[in-house]
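# Fold and geometry: a report
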Amino acid sequence: MPDEIDVALVEPRCLAGGGDPSWITVALHQAGGWSYGHDPLMPRVLLSSPDQQALLRLEPDADGPWWRLQHAATDGQRAWSASFGARTPVEIIAGLTDALTVPKTASAADPYEPLHRAGWRTDYAGKAFLSPDGYVRIEHFTHRSDSFWFARAALPTVAHGLIWQAHLSGETPPHLVAGFTRALADDTPLRRDLDPTRIPYYGTPHTRVTRRRVPAATVASALEHRVKDLTARRAGAPPPAPQPPETSPRRTR
């Protein structure tokens, strides 16, 4: 293995593509104790929470969301669900799934706070939040006793420019919604392979892709370091030391 390799840092993150599903599945299994079933004849992954109350399903669906999370009703908590389209970056989905593996904290319970802090603006009706670049919209719909959160990433200058969308039922615990909005509002570029097929073509005119040389060991151990970090957070222990910093950019496209 070479000492350094080239990677792509993509921003805005909503246009970076789905990424590696193991960022979610391996983290839930190894850091959260979620169990999985295996069916070699079916192109899907099923993960169950340790208490068997939650089920995460990942399967290719040309006409619907690829990620589906369902949680059964418990004492004091109604059943809730969440779903995400195939092109939703795993790092954004992980904002919610990571919150399932660590203790609930009251300070993280306001879904709107990350959006306000990141400078998202409300629409003319004051009902939806829009990202500063205008690519992402999130709204909390309420109707009588029913409600849900709806987020979508789209290119406003392109006809039928929908990239991905996400639905969270209104019963989704606020600290989980806040985990999702925090990851959604984060402006940190997402790391992707330099392979042009790994960066969605539809967003090329709207993305900033920085080519950067990083230590090969940093890339190879990224998921392992993430699992250790989540495991420490779950146990309430100090997180492990951060990974070595990346070097300066070589070329920007």
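Everything below is about the structure printed above this text.
Everything in this summary refers to the structure shown in the same document. All figures in this text were calculated on a predicted structure; none of them were measured in a lab.

## Brief notes about the nonpolar core
By size, the foremost hydrophobic cluster in this structure holds 39 residues, and its most contacted members are Phe-84, Leu-96, Ile-138, Leu-168 and Phe-180. Here the element with the most residues in this core is helix α2 (residues 90–99); it accounts for six residues. Beyond its immediate stretch of four places on either side in the chain, Leu-168 contacts Ser-81, Ala-82, Phe-84, Leu-96, Phe-148, Trp-149, Val-177 and Phe-180.

## Some thoughts on the pattern of salt bridges
Following the criterion strictly, the structure yields 14 salt bridges and no others. The shortest N-O distance in the salt bridge between Asp-98 and Arg-226 comes to 2.8 Å. Of the two residues, Asp-98 is situated in helix α2 and Arg-226 in helix α6 (residues 222–235); the sequence distance between them amounts to 128 residues. For Asp-98, a relative accessible area of 13% translates into the label buried. Put simply, Lys-228 and Glu-224 hold a salt bridge, and the shortest N to O gap is 3.4 Å. You can see Lys-228 and its partner Glu-224 sitting in helix α6, four residues apart, about one turn around the helix. You can call Lys-228 partly exposed: its relative accessible area is 46%. Classification of Glu-224 as partly exposed rests on a relative accessible area of 46%. Via salt bridges that share partners, Glu-4, Asp-6, Arg-211 and Arg-213 belong to a single interconnected network.

## What to know about the packing of α2 against helix α4 (residues 174–185)
Contact geometry of α2 with α4 gives a least axis separation of 7 Å together with a crossing angle of 155°. By the criterion of interaxial angle, the relationship of α2 to α4 is roughly antiparallel. Like other packed secondary-structure pairs, α2 and α4 cross with a definite hand, here right-handed. Here Glu-91, Ile-92, Gly-95, Leu-96 and Ala-99 of α2 lie close against α4, whose contacting residues are His-175, Leu-176, Gly-179, Phe-180, Ala-183 and Leu-184. Looking at the contact of α2 with α4, its residues break down into seven nonpolar, three polar and one charged.

## What about the sheet that holds strand β4 (residues 54–58)?
Judged by pairing direction, the sheet is antiparallel, and its 10 strands sit side by side in the order β2-β3-β4-β5-β6-β11-β10-β9-β8-β7 without closing on themselves. A strand with exactly one partner marks an edge of an open sheet, and here the two such strands are β2 (35–37) and β7 (121–122). Pairing geometry for strand β8 (residues 128–130) and strand β9 (residues 136–143), over three bridges, is antiparallel. Looking across to β9, one finds that Ala-128 is bridged to Glu-139. Here α2 sits on the sheet in contact with β5 (67–71), β6 (80–84) and β11 (162–169), set at roughly 170° to β6.

Here is what the cut-offs are and how they apply
Residues numbered from 1 in each chain as written. Predicted model: local features only at pLDDT ≥ 70, side-chain atom pairs only at ≥ 80, totals over all residues. Heavy atoms only, no water. Core = buried A, V, L, I, M, F, W, Y, C linked by side-chain atoms within 4.5 Å. Buried < 20%, exposed > 50% of the residue type's maximum accessible area, 1.4 Å probe, protein only. Helix = DSSP H or I, 4+ residues; strand = E, 2+ residues; numbered from the N terminus. Contact = heavy atoms within 4.5 Å. Salt bridge = Lys/Arg side-chain N within 4 Å of Asp/Glu carboxyl O. Axes fitted to C-alpha atoms, helices over the stretch in contact; angles between N-to-C directions. Parallel < 35°, antiparallel > 145°, perpendicular 65-115°, else oblique. Left-handed = near helix turned anticlockwise from the far one by under 90°. Nonpolar A, V, L, I, M, F, W, Y, C, P; charged D, E, K, R; others polar. Pairing = 2+ DSSP bridges.

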